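Summary of structural features
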Amino acid sequence: MNAHSMAVAGAPVTHKGEVLLSVESISLRFGGVKAITDVSFDIRKGEVRAIIGPNGAGKTSMLNCINGFYHPQEGRITYKGVRRDKMRPHRAAAAGIARTFQNVALFKGMSTLDNIMTGRTLKMRKGFFWQALRHGPAMNEEIEHRKVVEDIIDFLQIQHIRKLPVGKLPYGLQKRVELGRALAMEPELLLLDEPMAGMNLEEKEDMCRFILDVNNQFGTTIALIEHDMGVVMDLSDRVVVLEYGRKIADGTPAEVKADQRVIDAYLGVAH
Ligand SMILES: Nc1ncnc2c1ncn2[C@@H]1O[C@H](COP(=O)(O)OP(=O)(O)O)[C@@H](O)[C@H]1O
Ligand SMILES: [Mg+2]
């Protein structure tokens, strides 16, 4: 499948705008473990930016730095032109950065609908007082949020599971619900940590299509960690390659694929 040409058929690929986020010379250590060493790269508005590399390369740590979960000991992160210091995850979320996790992190006993609704929490303006009364402004607001959530459910084609507890769903659908929760935040930058891991081919193709649709229809900028090179080639505008916490390549999928250091890094690595 060439998901890219499929999803953008008829429409020119007009990505690569201004820099939305830049990471400059960041280093992150856990005691003696160097998770990231002196890495710089940027993410431009509207692009799909892949982060690849063998296990333990520092990919998840990088997303955790970008969304304020970890604080690198050295370097700078600039988002929308503003340099950030010790940004907390909820602040990153409020600033428009949403993410999904390598291992699905949903409320297993709650329905699809309610899980996606939790993504709206930050958008809820009325406090607990109004929420408790469940009338007037809070009631109107809740109706608005439900409408957004229902639209996301339609978009992701998960109407049939909207009332089901997510813990009972196949893994591929749980990943889709998690994407739905991130979309409910109406993010400007969406961070996806191995959104296709553990999926069969059909589920992967579905997820590829949804990611491209999000990018094309909503203009959402996407940073994506993925192991499947075919998926990376199909989806991304640019790829940054990490190995042992260092950046070893950065460029278009074709450039990166032909890079000898990248080929060497992947030799003998089973995925
Ligand atoms: N919270 C943590 N505490 C200690 N070490 C960590 C922590 N998070 C990541 N690491 C270490 O940092 C390195 C990079 O891990 P990670 O970012 O998860 O890699 P990847 O996602 O590329 O597989 C690994 O050696 C890992 O053990
Ligand atoms: Mg990881």
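Residues numbered from 1 in each chain as written. Chains lettered and ligands numbered in written order. Predicted model: local features only at pLDDT ≥ 70, side-chain atom pairs only at ≥ 80, totals over all residues. Heavy atoms only, no water.

1. Some words on the site of ligand 1
All residues in the neighbourhood of ligand 1 are listed as Phe30, Val33, Ala35, Pro54, Asn55, Gly56, Ala57, Gly58, Lys59, Thr60, Ser61 and Tyr70. In this structure, an oxygen atom belonging to ligand 1 sits 3.1 Å away from a main-chain N or O atom of Ala57. Gly58 is positioned such that a nitrogen or oxygen atom in its backbone is 3.0 Å from an oxygen atom of ligand 1. Burial of ligand 1 by the protein amounts to 63% of the accessible area it has alone, namely 550 Å². For the shell around ligand 1, the elements supplying multiple residues, two or more each, are strand S2 (33-44) and helix H2 (59-66). Counting residues per element, the shell around ligand 1 draws most heavily on H2, at 3 residues. (Near = heavy atom within 4 Å. Polar contact = N/O pair within 3.5 Å; in protein donor to acceptor, adjacent residues only side chain to side chain. Areas by Shrake-Rupley, 256 points an atom, 1.4 Å probe, with all protein chains shown as cover. Helix = DSSP H or I, 4+ residues; strand = E, 2+ residues; numbered from the N terminus.)

2. Things to note about the coordination of the magnesium ion (ligand 2)
Within the first shell, the magnesium ion (ligand 2) binds the protein through Thr60 (OG1) and Gln102 (OE1), at distances of 2.0 to 2.3 Å. With Thr60 in helix H2 and Gln102 in the loop between strand S6 (97-100) and helix H4 (112-118), this residue pair connects regions lying 42 residues apart in the sequence. With relative accessibility at 25%, the residue Thr60 sits in the partly exposed group. Gln102 gets classed as partly exposed once you look at its relative accessible area, which sits at 31%. (Donors = N, O, S within 2.8 Å, 3.2 Å for Na, K, Ca; no water. Buried < 20%, exposed > 50% of the residue type's maximum accessible area, 1.4 Å probe, protein only.)

3. Thoughts on the side chain of Lys59
Inspection of the secondary structure puts Lys59 in helix H2. Among the polar contacts listed, one links the side chain of Lys59 to the backbone oxygen of Gly53, at a separation of 2.9 Å. Discounting chain neighbours no more than four positions away, the residues touching Lys59 are Ile51, Ile52, Gly53, Pro54, Glu194, Ile225, His227 and Leu242. (Contact = heavy atoms within 4.5 Å.)

4. Here we look at the pairing of strand S10 (residues 246-251)
Across 5 bridges, strand S9 (residues 238-243) lies against S10 in antiparallel orientation. Bridge pairing links Glu243 to Arg246 in S10. In this antiparallel pair of consecutive strands, S9 and S10, the connection spans 2 residues, and Tyr244 shows a positive phi of 45°. (Pairing = 2+ DSSP bridges.)

5. Observations regarding the environment of Val262
Residue placement: Val262 occurs in helix H11 (residues 260-266). Val262 gets classed as buried once you look at its relative accessible area, which sits at 2%. Once you skip the residues sitting within four places of it in the chain, Val262 turns out to touch Val241, Ile248, Ala249 and Val256.

6. Structural notes on the sheet that holds S2
Ordered by their spatial adjacency, 4 strands build an open sheet running S2-S1-S4-S5, and the pairing between neighbours is antiparallel. Each edge of the sheet is formed by a strand with only one pairing partner; in this case those strands are S2 and strand S5 (82-84). Averaged over all pairs of adjacent strands, the angle between strand axes in this sheet comes to 25°, irrespective of strand direction. Pairing geometry for strand S1 (residues 19-30) and strand S4 (residues 74-79), over 5 bridges, is antiparallel. Each bridged residue has a counterpart across the sheet, and for Glu24 the counterpart in S4 is Arg76. (Axes fitted to C-alpha atoms, helices over the stretch in contact; angles between N-to-C directions.)

7. Looking at the packing of aromatic side chains
Given two aromatic rings, one states the distance between the centres and the angle between the planes to describe the pair. This model, assessed by the stated rule, comprises 4 aromatic pairs. Plain terms: the ring middles of Phe30 and Tyr70 are 5.1 Å apart, the flat faces sit at 75° to each other, and that makes the pair edge-to-face. Of this pair, Phe30 sits in strand S1 while Tyr70 sits in the loop between H2 and S4, and the two are 40 residues apart along the sequence. On the accessibility criterion, Tyr70 (27% relative accessible area) is partly exposed. Centroid distance Phe69 to Tyr70: 6.2 Å. Interplanar angle 50°. Geometry classified as tilted. Feature note: the residues Phe30, Phe69 and Tyr70 constitute an aromatic cluster, connected by ring pairs. Positioned above the aromatic ring of Phe210 is the side chain of Arg209, whose terminal nitrogen or guanidinium carbon lies 5.0 Å from the ring centre. (Phe/Tyr/Trp six-rings, centres within 6.5 Å; stacked < 30°, edge-to-face > 60°. Lys NZ or Arg CZ within 6 Å of the ring centre and 35° of its normal.)

8. Structural notes on the pattern of salt bridges
Going through the model one piece at a time under the given rule, you end up with 17 salt bridges. One salt bridge in this structure joins Glu188 and Lys80, with 2.8 Å as the shortest N-O distance. Pair noted here: Glu188 is in the loop between helix H7 (171-183) and strand S7 (189-193) and Lys80 is in the loop between S4 and S5, with a separation of 108 residues, a long-range link. Under the relative-accessibility criterion, Lys80 is labelled partly exposed at 42%. (Salt bridge = Lys/Arg side-chain N within 4 Å of Asp/Glu carboxyl O.)

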